[in-house]
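Residues per chain, in single letters:
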Amino acid sequence: MKIEYRMAGVEDADLLIDIYDAAFYQDFIRYGMCPGYGKTKKMMEDSIIRSPKFIILCDGKPVGAISCQKIQKELYEVGCLCVIPAYQGKGIGTKAFEFALAHYADGEKFTLVTPADKEENIRFYTQKCGFHIVSTEVDGKVKLVRFLRER
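Along each chain, residues carry numbers from 1 onward, in the same order as the chain's sequence is written. The model is predicted, so local features are restricted to residues of pLDDT at least 70 and side-chain atom pairs to those at 80 or more, both for listing and for counting; the totals for chains, interfaces and linings are taken over all residues. To get the side-chain values, all heavy atoms of the structure are used, and hydrogens and water are removed first.

**Re the sheet that holds strand 2 (residues 53-58)**
To be explicit about the condition: Here a strand pair is declared whenever DSSP counts at least two bridges between the two strands. Helix numbers and strand numbers start at the N terminus; a helix is a DSSP run of H or I with at least 4 residues, a strand a run of E with at least 2. Here an axis means a line fitted to C-alpha atoms, over the contact stretch when the element is a helix, while the angle between two N-to-C directions is reported on a 0 to 180 degree scale.
The strand order across the open sheet formed by seven strands is 1-2-3-4-5-7-6, and the pairing between neighbours is mixed. Two strands lie at the open edges of the sheet, namely strand 1 (3-7) and strand 6 (132-139), each paired on one side alone. Neighbour to neighbour, the strand axes of the sheet diverge by 30° on average, direction disregarded. Here strand 6 pairs with strand 7 (residues 142-150) via seven bridges, running antiparallel. Counted as the bridge partner of Ile133 is Phe147 from strand 7.

What follows is the structure, given as structure tokens:
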């Protein structure tokens, strides 16, 4: 299994919509909303411009995406780390986060949020990526946990 990363351009908006929709469909069903699901092409194009994204390729096939945005000096927000369901559980997400750590070498701290009741996400971020929970917050009706990872 060969994992590679390719910087996404606005021409990749439709591809990223497909990846996000596949990865976040269950969250949309579960919560009735999900910021990663159901983006229009214009929304995704704007998002690509605002927050650089990398397409995760497995043996040349696009299977996920990761994006990080600098929030302040040495602090990055992981806006999206997703892998389509058929490729989850294969170490692809862990490798993608390791790629982000190397790519954003000036980042001393990384933060992100995930729904508080998604135990599989919490295990992934704490056990595989080295994050710890620092707080909780609410987005609409969804309780979220905020993670922090320091080098």
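**Focus: the side chain of Lys39**
Rules: The rule is simple: take the accessible area with a 1.4 Å probe, protein chains only, and divide by the maximum for that residue type; under 20% is buried, over 50% is exposed, in between is partly exposed. This count recognises Lys and Arg as positive and Asp and Glu as negative, with His and chain-terminal groups excluded. By definition, a salt bridge exists where a carboxyl oxygen of Asp or Glu is found within 4 Å of a side-chain nitrogen of Lys or Arg. We define a polar contact as two N or O atoms separated by no more than 3.5 Å, with the added condition that, inside protein, one atom must be a possible hydrogen donor and the other a possible acceptor, whereas residues neighbouring each other in sequence contribute only through side-chain atom pairs. By definition, residues are in contact when any of their heavy atoms lie within 4.5 Å.
Tracing the backbone shows Lys39 in the loop between helix 1 (13-31) and helix 2 (41-50). This buried residue, Lys39, is left without a salt bridge; Asp21 holds the nearest opposite charge, at 8.7 Å. In terms of polar contacts, Lys39 uses its side chain to reach the backbone carbonyl oxygen of Pro35, at 3.2 Å. Sequence-distant contacts of Lys39, defined by excluding residues within four places in its chain, comprise Ile17, Tyr20, Asp21 and Met44.

**Observations regarding the packing of aromatic side chains**
Rule in force here: Side-chain rings of Phe, Tyr and Trp, where Trp is taken by its six-membered ring, are said to pair if the distance between their centres is within 6.5 Å; with planes under 30 degrees apart they count as stacked, over 60 as edge-to-face, and otherwise as tilted.
On inspection of all chains with the given rule, the structure shows 13 aromatic pairs. Ring centres 4.1 Å apart and planes at 15° place the aromatic pair Tyr5 and Phe99 in the stacked group. Here Tyr5 is found in strand 1, whereas its partner Phe99 is found in helix 3 (residues 92-103), with 94 residues between them in sequence. Seen from their ring centres, Tyr125 and Phe131 are 5.8 Å apart, and the 85° between their planes marks the pair as edge-to-face. Neither residue differs from the other here; Tyr125 and Phe131 are each classed as buried. Three or more aromatic residues link up through ring pairs in this structure, and these residues are Tyr76, Phe97, Tyr104, Phe110, Phe124, Tyr125, Phe131 and Phe147.

**A short note on the packing of helix 1 against helix 2**
Note the threshold: For classification, angles of less than 35 degrees are called roughly parallel, those exceeding 145 degrees roughly antiparallel, those between 65 and 115 degrees roughly perpendicular, and all remaining angles oblique. Amino acids outside the nonpolar list (Ala, Val, Leu, Ile, Met, Phe, Trp, Tyr, Cys, Pro) and the charged list (Asp, Glu, Lys, Arg) are all regarded as polar, and Gly is one of them.
Direction vectors running N to C along helix 1 and helix 2 enclose 100°, while the axes themselves pass 9 Å from each other. Relative to helix 2, the element helix 1 lies roughly perpendicular. Contacts between helix 1 and helix 2 pair Ala13, Asp14, Leu16, Ile17 and Tyr20 from the former with Lys41, Met44, Glu45 and Ile48 from the latter. Counted by class, the contact of helix 1 with helix 2 contains six nonpolar, no polar and three charged residues.

**Considering helix 2**
Working note: α-helix, 3.6 residues per turn, so residues spaced by three or four point in the same direction. To keep things clear, this is the line we draw: The directions from the helix axis to the C-beta atoms are what the arc is built from.
Every buried residue belonging to helix 2 is among Met44, Ser47 and Ile48, and all of these are buried. Along the axis of helix 2, the buried residues cluster in a sector spanning 100°; they form a single face. Structural note: helix 2 exposes Lys42, Ile49 and Arg50 on the side pointing more than 90 degrees away from its buried face. Residues of helix 2 that are buried in the fold lie against helix 1 and strand 2.

**Details of the environment of Gly64**
Looking at where Gly64 falls in the secondary structure, it is placed in strand 3 (residues 61-72). Taking the C-alpha atoms as reference points, Gly64 and Tyr104, 40 residues apart in sequence, are found 19 Å from one another. Aside from chain neighbours lying at most four places away, what touches Gly64 is Ile19, Phe54, Ile55, Ile56, Cys82 and Val83.

**Quick word on the environment of Ile56**
Along the chain, Ile56 falls in strand 2. Through-space distance from the C-alpha of Ile56 to that of Gln127 is 21 Å; in sequence the pair is 71 residues apart.

**Some thoughts on helix 1**
Basically, it comes down to this: To get the bend at a residue, fit one axis to the 7 residues ending there and another to the 7 starting there, then take the angle between the axes.
At Phe24, helix 1 shows its largest kink, close to 55°. Positive phi appears at Gly32, one or two residues downstream of helix 1, with a value of about 80°.

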